[in-house]
Amino acid sequence: MHVLVNAAMSVDGKLATYRREQLRISGDADFARVDRRRAEADAVVVGVGTVLADDPSLLRFDRERRSEIETTGVPARVVADSQGRTPLDAALFSGDAPIYLLTSEATPPERRDAFRDAGAQVIVAGTDRVDLTDAFDTLEHEGIERLLVEGGGELIFSCFEANLVDELSVYIGSLIIGGRDAPTLADGNGFLGSFPELTLRRVERLDDGVVLRWRVENEG
Ligand SMILES: NC(=O)C1=CN([C@@H]2O[C@H](COP(=O)(O)OP(=O)(O)OC[C@H]3O[C@@H](n4cnc5c(N)ncnc54)[C@H](O)[C@@H]3O)[C@@H](O)[C@H]2O)C=CC1
Ligand SMILES: Nc1nc(O)c(N)c(N[C@@H]2O[C@H](COP(=O)(O)O)[C@@H](O)[C@H]2O)n1
């Protein structure tokens, strides 16, 4: 499976304000670029923190680009949600793109059933927290070969920690958000001693910002 992480951040590395409210960092050209990346993906994944903050539908993608690359169907939507906190009336449950809910054994069976009734395929991986390596393996068995990770900071950190990321692209908008509690590109516990190794592949000016793209030099 190929995993691309994409996010938009402020100059000071924040994904949103300290209130975790939805914020438009990208301009129109960057949203169009994200729509192309979604069109090229088999699935788009976000963490439940993003679902609770933004209530995204993840249905927006560049249909022309998708038919250009001869891909049928629409990109699936995936949520990493260890404890089953995704609201059953979340926008993700609307529309007809497939939905996968990645969860752990910490989510009670009746809650898992409620997600199934709402139309999601439930993948249980991990005891207290979603084991992303296992969950992504299962997605691969389901035919998902290109996965786009859109955030937020907790999920992105975990993907790097588990050595699952192949590429990273970041739009840096010309604004400062500030706030020690505002989500950043990679939150989690942080790395010590050994850090993911990145090779810068591309720099592009877009809207009033810049898009940077790195290849991730994974171990092993
Ligand atoms: N500017 C941008 O491009 C984006 C901004 N955001 C912003 O990010 C914020 C949400 O980010 P976060 O609070 O960091 O939440 P998040 O979206 O990263 O979700 C974290 C949650 O995912 C669940 N999870 C399940 N398995 C996990 C694992 N193995 N590792 C980590 N998390 C796992 C946990 O319940 C955890 O609390 C919102 O304010 C949203 O607006 C989100 C996406 C993109
Ligand atoms: N690329 C990008 N730029 C921004 O400025 C953003 N705020 C985000 N947020 C992400 O987009 C999701 C919304 O998706 P839909 O429009 O509902 O399809 C949101 O949940 C974040 O993942 N991204």
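The chain appears in an unreviewed UniProt entry as 2,5-diamino-6-(ribosylamino)-4(3H)-pyrimidinone 5'-phosphate reductase from Halocatena salina. Here is the UniProt Sequence similarities (unreviewed entry) comment for the chain, exactly as written: "Belongs to the HTP reductase family." Checking UniProt for the chain, the heading Pathway (unreviewed entry) contains the comment "Cofactor biosynthesis; riboflavin biosynthesis."

Help me understand the overall build of the chain in this model?
Within the chain one finds six helices and nine strands. Over its C-alpha trace the chain gives a radius of gyration of 17 Å, about what one expects of a compact globule, namely 17 Å for 220 residues. Taking the principal axes of the C-alpha coordinates as reference, the chain spans close to 45 × 45 × 40 Å. Buried positions account for 48% of the 220 residues belonging to the chain. Summed over its atoms, the accessible surface of the chain is roughly 11,100 Å², and 45% of this surface lies on carbon and sulfur atoms.

Is there a simple way to think about the site of ligand 2 in this case?
The immediate surroundings of ligand 2 are formed by 17 residues, with Leu23, Ile25, Ser26, Arg38 and Ser57 found nearest. The separation between an oxygen atom of ligand 2 and a polar main-chain atom of Leu58 is 3.2 Å. In isolation ligand 2 exposes 520 Å². Once the protein is present, 86% of that is buried. Only α1 (28-40) and α2 (48-54) provide two or more residues apiece to the shell around ligand 2. Top contributing element to the shell around ligand 2 by residue count: α1, with three residues. Here the shell around ligand 2 is built from residues that sort into nine nonpolar, three polar and five charged.

Looking at this structure, I do not really get the pattern of salt bridges. What am I missing?
Think of it this way: side chains of opposite charge can pair up when their charged atoms draw near. In total, this model carries eleven salt bridges according to the counting rule given. We note a salt bridge from Arg65 to Glu68, for which the minimum N-O separation is 2.9 Å. In this pair, Arg65 and Glu68 both sit in helix α3 (residues 63-68), three residues apart, roughly one turn of the helix. Exposure remark for Arg65: the relative accessible area of 22% places this residue in the partly exposed category. The exposed category is assigned to Glu68, whose relative accessible area is 53%.

I tried to follow the pairing of strand β1 (residues 2-9) on my own but got confused; where do I start?
The side chains of a regular strand alternate between the sheet's two faces. Within β1, seven of the eight residues are buried, which leaves the element mostly enclosed by the surrounding structure. The pairing of β1 with strand β6 (residues 146-151) spans four bridges and is parallel. When the sheet's bridge partners are listed, Val3 is paired in β6 with Leu147. In this sheet, strand β7 (residues 167-172) lies alongside β1 in parallel orientation, the contact comprising six bridges. Bridging from a neighbouring strand, Asn6 pairs with Ser169 of β7.

How should I be thinking about helix α6 (residues 153-161) in this particular structure?
In an α-helix there are 3.6 residues to a turn, and that puts residues three or four apart on one side. Of all nine residues making up α6, seven are buried, and the element is well covered by its neighbours. Along α6, the positions that sit buried rather than exposed are Gly153, Leu155, Ile156, Phe157, Ser158, Cys159 and Phe160. Just downstream of α6, Asn163 is the residue with a positive phi angle, here 65°.

Please explain the environment of Arg20 as it appears in this structure.
Inspection of the secondary structure assignment puts Arg20 in the loop between β1 and α1. Residues Arg20 and Leu4 lie 16 residues apart in sequence; the distance between their C-alpha atoms is 23 Å. Look past the residues within four positions of Arg20 in its chain and what remains in contact with it is Ala53, Asp181, Pro183 and Asp187.

I would appreciate a short explanation of the side chain of Thr107 in the present structure.
Position of Thr107 relative to the elements: it lies in the loop between β4 (99-103) and α4 (109-117). Assessed through its relative accessible area of 0%, Thr107 is described here as buried. In this structure Thr107 touches Asp81, Ser82, Gln83, Gly84 and Arg112, once residues within four positions along its chain are discounted.

Rules used throughout
- Residues numbered from 1 in each chain as written.
- Chains lettered and ligands numbered in written order.
- Predicted model: local features only at pLDDT ≥ 70, side-chain atom pairs only at ≥ 80, totals over all residues.
- Heavy atoms only, no water.
- UniProt positions renumbered as here; feature names shortened; annotations may be inferred.
- Helix = DSSP H or I, 4+ residues; strand = E, 2+ residues; numbered from the N terminus.
- Rg over C-alpha atoms; globule rule 2.2 N^0.38 Å.
- Buried < 20%, exposed > 50% of the residue type's maximum accessible area, 1.4 Å probe, protein only.
- Areas by Shrake-Rupley, 256 points an atom, 1.4 Å probe, with all protein chains shown as cover.
- Near = heavy atom within 4 Å.
- Polar contact = N/O pair within 3.5 Å; in protein donor to acceptor, adjacent residues only side chain to side chain.
- Nonpolar A, V, L, I, M, F, W, Y, C, P; charged D, E, K, R; others polar.
- Salt bridge = Lys/Arg side-chain N within 4 Å of Asp/Glu carboxyl O.
- Pairing = 2+ DSSP bridges.
- Contact = heavy atoms within 4.5 Å.

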